[in-house]
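Here are the chains, one letter per residue:
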Amino acid sequence: MRDGIPAPPYRAWRDRAHRRGGVGGELLPVVKAMAPERLYLFDTTLRDGAQTNGVDFTLADKLAIASMLDELGIDYVEGGYPGANPTDTELFAKDRGLHTTFTAFGMTRRPGRSASNDPGLAALLEAKADAICFVAKSWDYHVKVALETTQEENLASIRESVRAAKAKGREVLLDCEHFFDGYKANPKYALACAKAAYDEGARWVVLCDTNGGTLPDEIEKTVREVVKVIPGDHVGIHAHNDTDQAVANSLAAVRAGARQIQGTLNGLGERCGNANLVSIIPTLKLKPEFAERFDIGISEAALKKLARVSHALDERLNRAPNRHAPYVGESAFTTKAGIHASAIMKDPATYEHVVPETIGNRRKVLVSEQAGKSNILAELERVGIKADKDDPRIGRLLEVVKEREAIGYAYESADASFELLARRTLGKVPNYFDVTQFDVNVEQRNNAKGQRVTVTMAVVKVKVGDDNMISAAEGNGPVNALDLALRKDLGKYQKYIAGLKLTDYRVRILNSGTEAVTRVLIESEDEQGERWSTVGVSANIIDASFQALMDSIIFKLVKSGAPA
Ligand SMILES: [Zn+2]
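The rules behind these values
- Residues numbered from 1 in each chain as written.
- Predicted model: local features only at pLDDT ≥ 70, side-chain atom pairs only at ≥ 80, totals over all residues.
- Pairing = 2+ DSSP bridges.
- Helix = DSSP H or I, 4+ residues; strand = E, 2+ residues; numbered from the N terminus.
- Axes fitted to C-alpha atoms, helices over the stretch in contact; angles between N-to-C directions.
- Buried ≥ 20, exposed ≤ 12 C-beta atoms within 10 Å, placed from the backbone.
- Right-handed = clockwise from strand over helix to strand, strands pointing away.
- Contact = placed C-beta atoms within 7 Å.
- Left-handed = near helix turned anticlockwise from the far one by under 90°.
- Core = buried A, V, L, I, M, F, W, Y, C linked by C-beta atoms within 7 Å.
- Domains from an automatic or database assignment.
- Parallel < 35°, antiparallel > 145°, perpendicular 65-115°, else oblique.
- Nonpolar A, V, L, I, M, F, W, Y, C, P; charged D, E, K, R; others polar.

### Examining the sheet that holds strand β15 (residues 467-475)
Right, so step 1: What the 3 strands build is an open sheet, ordered β13-β14-β15; its pairing is antiparallel. With one partner strand each, in any of the chains shown, β13 (434-446) and β15 form the two edges of the open sheet. For this sheet, the mean angle separating the axes of adjacent strands, direction not counted, is 15 degrees.
Right, so step 2: Across 12 bridges, β13 lies against strand β14 (residues 452-464) in antiparallel orientation. Within the sheet, the bridge partner assigned to Gln444 lies in β14 and is Thr454.

Rendered as structure tokens:
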């Protein structure tokens, strides 16, 4: 709970942000005393983030996440480790058509080998990438114990690998593994590793806090020493979150002169994760200490998509988004207590450190009936439904939304279901058809060849006007069979749903109160490429799926203006 007196700098910040055109969206003339410095963002969700326990990206996942990062305006997207596994090799086999500097990750040449005689390095050099990020040891102890080689041979490996990648026309980065621990043990050698890459023409030397145990003041002190030897606009920071300070460590490095930050979406990563770009980006964009000094590749318009990007990654990983995530969490701007709520209604600046809409989030005030209504009205406006705030049906809709969210419906992730619920409450959805009965049969038996097979069939009875229709379909599972049967014949409405297809289907088991219920989220797409999401909740997975399927079809009919 936030309490106490609002910090005075807020208003000053807001006024400044308005002047920069960052809050209300109005672009006012900008007067800058000093040209801002460029600060670069490097995302490693697809490489270091893929080390997260339970995360396993497919090629399709990687491509979708890369294009999301690209749209956001991230300067570098590290795709993976070509040659190390089939997914990454395929990812780097052809150009992906992105604006970002798409980066391949891999090791410097192995000790005792020449650069031209190292298959790992060869795969990396052949990868279709704009940049190559090498990882190398910079802690003398690791060189001796893990690499079992000499300090000089490790330096030679760095130099030759950077040279080979430069010769291939790639931009080069060097991740100095365990840099901060290495610097403590042997500052001269750690710096020599960094300097070897820089002198050979590496664009960036990245200082990694690989164990994640370094604290912000140590980071700041060490980076200050490094930038005396290597210019800060060639120095990056790669922080892990083992003391919950990866974001603070990244910002400390920037204060000390580093000009590239590496991190991941939602702080994904091994153990406690990497520096969370979803927290770093708004801090850099909205806090004057950074906003006034630096330019990053993220526009105001892209910043407004940040909450959605963060949630989209969670959906892809089939994880519940962290409600309490700074900036983008559902609760980040939710106020519950009465006095705070009424103060917020008078002036949001009293209890908010930034304007929620700048990062695509929303203010929520719980409890107060009036405030709930304004949430609903804002939602309706967002989906294009005009409503009068004094309309008693708005109060009823609010009640229904509250009741349904309490039992597991998630309307934030299912815009189409919310819109249908709203239109129904406002009496604006025709009754196109009725499903009078459905039947799903799953049977396991031996087929004619004596193989064990599972066969699923669904039968659906639909009434369209005065016509009664029966459709049956076989599917690869009960939900698939039900979907196929339902969409097989809708009589006069069939032409409206012909181009409809399901693009995603996600199931989550929720514990709501006394029993476990299933929430199904379905994403659909039409012939114009427009997408929408629907939700169903029930103790029975087939029933939950049926609700979400029905919402998807009816939403499409409403959207297409199908006659009642
Ligand atoms: Zn790492």
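Having seen the structure, we can now continue with the description.
### Focus: the pairing of strand β7 (residues 204-209)
Right, so step 1: Burial analysis of β7 places 6 of its 6 residues in the buried class, the great majority of the element.
Right, so step 2: Residue alternation in β7 divides its side chains into two sets, Trp204, Val206 and Cys208 and Val205, Leu207 and Asp209, and both sets are buried.
Right, so step 3: Two strands pair when backbone bridges link them, and strand β6 (residues 171-177) and β7 are joined in this way by 4 bridges, in the parallel orientation. Opposite Leu174, over in β7, you have Val205 as the bridge partner.
Right, so step 4: The pairing of β7 with strand β8 (residues 235-239) spans 5 bridges and is parallel. Bridge assignment links Cys208 to a residue of β8, and that residue is His238.
Right, so step 5: The handedness of the β7 to β8 crossover, carried by helix α9 (residues 216-229), is right-handed.

### Looking at the sheet that holds strand β3 (residues 76-80)
Right, so step 1: Spatially, β2-β3-β4-β5-β6-β7-β8-β9 is the arrangement adopted by the 8 strands of the closed barrel, whose pairing is parallel. On average, each strand axis in the sheet is inclined to that of its neighbour by 25 degrees, with strand direction left out of account.
Right, so step 2: In terms of strand pairing, strand β2 (residues 40-43) meets strand β9 (residues 260-263) through 4 bridges, oriented parallel. Following the sheet pairing, Leu41 is matched in β9 by Ile261.

### Some words on the environment of Ser545
Right, so step 1: On the secondary structure map, Ser545 appears in helix α21 (residues 541-559).
Right, so step 2: Since 24 C-beta atoms lie within 10 Å of it, Ser545 is described here as buried.
Right, so step 3: For the pair Ser545 and Glu177, spaced 368 residues apart in sequence, the C-alpha to C-alpha distance is 47 Å.
Right, so step 4: The contacts of Ser545, once residues within four sequence positions are left out, are Val479, Leu482, Val520 and Gly536.

### Describing the packing of helix α19 (residues 478-486) against α21
Any two packed helices are characterised by how steeply their axes cross, that is the angle between the axes, and by the distance between the axes.
Right, so step 1: Running from N to C, α19 and α21 cross one another at 35 degrees; their axes reach a closest spacing of 10 Å. Taken as a pair, α19 and α21 cross one another with a handedness that is right-handed. Contacts between α19 and α21 pair Pro478, Val479, Leu482, Asp483 and Leu486 from the former with Ile542, Ser545, Phe546 and Leu549 from the latter.

### Re the environment of Arg452
Right, so step 1: Examined against the element boundaries, Arg452 turns out to sit in strand β14.
Right, so step 2: Classification of Arg452 as exposed rests on a count of 8 C-beta atoms within 10 Å.
Right, so step 3: Beyond its immediate chain neighbours, meaning those up to four positions away, Arg452 contacts Gln444 and Asn446.

### Quick notes on the pairing of β6
Right, so step 1: Where burial is concerned, most of β6 is hidden: 6 out of the 7 residues are buried.
Right, so step 2: Inspection of the sheet shows strand β5 (residues 131-137) paired to β6 by 7 bridges, in the parallel sense. Counterpart to Cys133 in the pairing with β6 is Leu173.

### Comments concerning the nonpolar core
Right, so step 1: Ranked by size, the top nonpolar core spans 96 residues in total, and within it Ile132, Leu174, Cys176, Ala194, Val205 and Leu207 carry the most contacts.
Right, so step 2: Looking at this core element by element, the count peaks at 7 residues for helix α10 (residues 246-256).
Right, so step 3: The residue makeup of this core includes at least three contributed by each of domain 1 (37-298) and domain 2 (300-367).
Right, so step 4: What Leu207 contacts, discounting residues up to four positions off in sequence, is Cys176, Phe179, Phe180, Val223, Val226, Val235, Gly236, Ile237 and His238.
Right, so step 5: Core analysis: the next-biggest nonpolar cluster, separate from the first, contains 39 residues, Leu397, Ala414, Val460 and Val479 among them.

### Points about the packing of helix α6 (residues 151-167) against helix α8 (residues 187-199)
Right, so step 1: Orientation of α6 relative to α8, taken along the N-to-C sense of each, is 20 degrees, at an axis distance of 8 Å. Relative to α8, the element α6 lies roughly parallel. Handedness of the crossing formed by α6 with α8: right-handed. Contact residues: α6 offers Gln151, Leu155, Ile158, Arg159 and Val162, while α8 offers Tyr189, Ala192, Cys193, Ala196 and Ala197.
Right, so step 2: Looking at the contact of α6 with α8 residue by residue, the classes come out as 8 nonpolar, 1 polar and 1 charged.

### Remarks on the environment of Gly408
Right, so step 1: Among the structural elements, Gly408 can be located in the loop between α17 (392-406) and α18 (415-425).
Right, so step 2: The class for Gly408 is buried, based on 21 C-beta atoms found within 10 Å.
Right, so step 3: Sequence separation between Gly408 and Val517 is 109 residues, and the spatial gap between their C-alpha atoms is 7.7 Å.

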